[in-house]
Amino acid sequence: MEQTVLKIKYHSKEIEKLTYIDGKSDWIDLRSAENVILKKGESRLISLGISIQLPKGYEAVIVPRSSTFKNFGILQTNHMGVIDESYCGDQDLWMMPVLAVRDTQIKVNDRICQFRIQRHQPQIQFEETDFLGNSNRGGFGSTGKQ
């Protein structure tokens with residue numbers, strides 16, 4: 001398997017170092033680098049305590065962990081964060097913008113989100129047509145509940 005090296009700067013000595021768990025998931029957990037108390041309806045940026053230099057032609061995608069809402073009652077306000085390779089300075093700190101839907105407390109080292117890297121999308125050209133020539137699936141949201 002191809003291996004990519006990411007240069008990382010830690011801004012906190014309290015958070016655990018990032019690890020890649022081969023064979024389990026290719027998403028990497030990110031931790032809060034600060035203690036945060038939020039009241040229902042409050043929003044803020046939570047420091048993830050790191051800066052990373054991504055390889056040229058890559059971007060990072062940050063999303064909540066599946067347990068983040070259940071455990072902390074927060075929503076990532078931009079739903080999915082995208083960090084491109086130009087955000088790589090010593091003070092380009094990775095953050096998670098959140099909104100609390102209930103009173104909550106997040107502690108240093110709590111795993112609140114995850115990321116992965118991906119190549120930039122290739123250059124796209126659109127070709128207009130009157131017919132796509134495929135079967136219809138039944139409309140938006142047509143796959144049902146189960």
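Position numbers for residues start from 1 in each chain and track the written sequence from start to end. Under the rules for a predicted model, residues below a pLDDT of 70 receive no local features and side-chain atom pairs below 80 are neither given nor counted, while totals for whole chains, interfaces and linings still include all residues. The side-chain quantities take in all heavy atoms of the structure and omit both hydrogens and water.

1. Topic: the nonpolar core
Phase 1: Here, nonpolar core means buried Ala, Val, Leu, Ile, Met, Phe, Trp, Tyr and Cys residues that are tied together by side-chain atoms lying within 4.5 Å of each other. Exposure categories follow from relative accessible area, calculated using a 1.4 Å probe and restricted to protein chains: below 20% of the type maximum is buried, above 50% is exposed, and the middle band is partly exposed. Counting residues in each nonpolar core, the largest one holds 25 residues, and the members touching the most others are L30, L48, I62, W94, I112 and F115.
Phase 2: Put simply, the parts of the chain that give this core at least two residues each are β2 (28-31), β3 (36-38), β5 (50-53), β6 (58-64), β9 (95-100) and β11 (111-119).
Phase 3: When residues no more than four places from it in sequence are discounted, the contact partners of I62 are L30, L48, Q76, M80, G81, I83, W94, C113, Q114 and F115. Each helix is a run of DSSP H or I of at least 4 residues and each strand a run of E of at least 2, with the numbering of both proceeding from the N terminus. When checking whether two residues touch, look at their non-hydrogen atoms; a contact exists if any pair is within 4.5 Å.

2. Here we look at the sheet that holds β11
Phase 1: Taken in spatial order, the four strands line up as β2-β11-β6-β8 in an open sheet, and their pairing is antiparallel. Both outer strands of the open sheet, β2 and β8 (81-84), are each paired with one neighbouring strand and no more. Each neighbouring strand pair of the sheet contributes to a mean axis angle of 30°, computed without reference to strand direction.
Phase 2: Judged from the four bridges that link them, β6 and β8 form a sheet pairing that is antiparallel. Residue I62 lies in a different strand from β8, and its bridge partner there is G81. Two strands are counted as paired when DSSP detects at least two bridges linking them. Each axis is a line fitted through C-alpha atoms, and for a helix only the stretch in contact is used; angles between axes span 0 to 180 degrees, taken between their N-to-C directions.

3. Points about the state of the cysteines
Phase 1: A pair of sulfur atoms, both from cysteines and within 2.5 Å, is called a disulfide here. Here the structure, examined in full by the defined rule, presents zero disulfides.
Phase 2: Distance from the sulfur of C88, which forms no disulfide, to the nearest cysteine sulfur (C113) is 20 Å.

4. Points about unusual backbone geometry
Phase 1: At H79, a position not held by glycine, the phi torsion is positive, near 65°.
Phase 2: With respect to the element layout, H79 can be found in the loop between β7 (74-76) and β8.
Phase 3: Taking relative accessible area as the criterion, H79 reaches 64% and is therefore assigned exposed.
Phase 4: Look at N109: it is not a glycine, yet its phi comes out positive at around 85°.
Phase 5: Relative to the assigned elements, N109 resides in the loop between β10 (104-106) and β11.

5. Remarks on the environment of V101
Phase 1: You can see V101 is positioned in the loop between β9 and β10.
Phase 2: Between the alpha carbons of V101 and N71 there is a distance of 12 Å; along the sequence they are 30 residues apart.
Phase 3: For V101, the contacting residues outside a window of four places in its chain are K40, F69, G73 and L75.

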